[in-house]
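Each chain is listed here by its residues.
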Amino acid sequence: DIEVRAVKVNALLQELTSGKANGTGTVSGRIPLVIDDEGTPIIRNANLTSDKNGRIHIAEDAIPDSNEQMGVLKGVLSNFHYNVLSITLGTDENRKLFARLRVEGRNPTMYNGKPVKLNVQL
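All of these numbers come straight from a predicted model, not from anything done at the bench.

Visitor: Please explain the overall build of the protein chain as it appears in this structure.
Guide: In terms of regular secondary structure, the protein chain is built from two helices and 10 strands. Secondary structure elements in the protein chain, listed N-terminal to C-terminal, are β-α-β-β-β-β-β-β-α-β-β-β. The C-alpha radius of gyration of the protein chain comes to 15 Å, within 12% of the 14 Å expected for a compact globule of 122 residues. In terms of principal-axis extent, the alpha carbons of the protein chain reach across some 50 × 30 × 20 Å. Looking at the protein chain as a whole, 38% of its 122 residues qualify as buried. The contacts in the protein chain between residues at least 6 apart in sequence include a share of 50% that link residues at least 24 apart. When the 15 basic and 14 acidic side-chain charges of the protein chain are each reduced to a single mean position, those positions are 9 Å apart.

Visitor: Could you clarify how one ought to interpret the nonpolar core in this entry?
Guide: In globular proteins that are soluble, nonpolar side chains generally tend to be buried together. Counting 27 residues, the largest nonpolar core has L48, I56, L77, F80, L85, I87 and L118 as its most contacted members. Secondary structure elements with two or more residues in this core: α1 (9-16), β3 (26-31), β6 (46-50), β7 (54-58), α2 (68-76), β8 (80-91), β9 (97-106) and β10 (116-121). Not counting chain neighbours up to four residues away, the residues in contact with I87 comprise L12, V27, A46, N47, L48, R100 and L101.

Visitor: How should the pairing of β8 be read in this particular structure?
Guide: Remember that side chains alternate between the two faces of the sheet whenever the strand is regular. Summarising the sheet, β6 and β8 pair through four bridges and their orientation is antiparallel. Considered in β8, the bridge of N47 is made with T88. Here three bridges tie β7 to β8, and the two strands are oriented antiparallel to one another. Across the sheet, the residue bridging to R55 is H81, located in β8. The pairing of β8 with β9 spans 10 bridges and is classified as antiparallel. Pairing of G90 across the sheet is with F98, part of β9. Linking β8 back to β9 in an antiparallel pair, the connection comprises five residues, with R95 at a positive phi of about 65 degrees.

Visitor: I tried to follow α1 on my own but got confused; where do I start?
Guide: Residues spaced three or four apart along an α-helix face the same direction, because each turn holds 3.6 residues. Every buried residue belonging to α1 is among V9, L12 and L13, and all of these are buried. Around the axis of α1, the buried residues are gathered within 95 degrees of arc, so they sit on the same side. Looking one or two residues past α1, S18 carries a phi angle of roughly 55 degrees, positive in sign.

About the cut-offs
Residues numbered from 1 in each chain as written. Predicted model: local features only at pLDDT ≥ 70, side-chain atom pairs only at ≥ 80, totals over all residues. Heavy atoms only, no water. Helix = DSSP H or I, 4+ residues; strand = E, 2+ residues; numbered from the N terminus. Rg over C-alpha atoms; globule rule 2.2 N^0.38 Å. Buried < 20%, exposed > 50% of the residue type's maximum accessible area, 1.4 Å probe, protein only. Contact = heavy atoms within 4.5 Å. Lys, Arg positive; Asp, Glu negative; His and termini not counted. Charge placed at Lys NZ, Arg CZ, Asp CG, Glu CD. Core = buried A, V, L, I, M, F, W, Y, C linked by side-chain atoms within 4.5 Å. Pairing = 2+ DSSP bridges. Arc of directions from axis to C-beta.

This is how it looks when you write it as structure tokens:
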């Protein structure tokens, strides 16, 4: 296991979204890492959680406008103030990295700033 402390959320989001998202705050946790016989690193259910509150901003073109729900998601994540951020990282069966974000917070400019809970896969 690799222990990580105070990794910048911005650096993770930039990497996971090819520069289409940024954020503030830091996350810490453990990353279980295995190197297979071919030398390929495999991550098994790493979990990083926020050390403090922060913000997330995802660029408008990062989320497709395929339906009304996606439009709402795009709006909420345009200026999301989180108080809970949990990032699960892993390697799928094709050895591609995936990330799931669980965030709780609000966008002060949408829905009168009411609390929102989201699960997002990147």
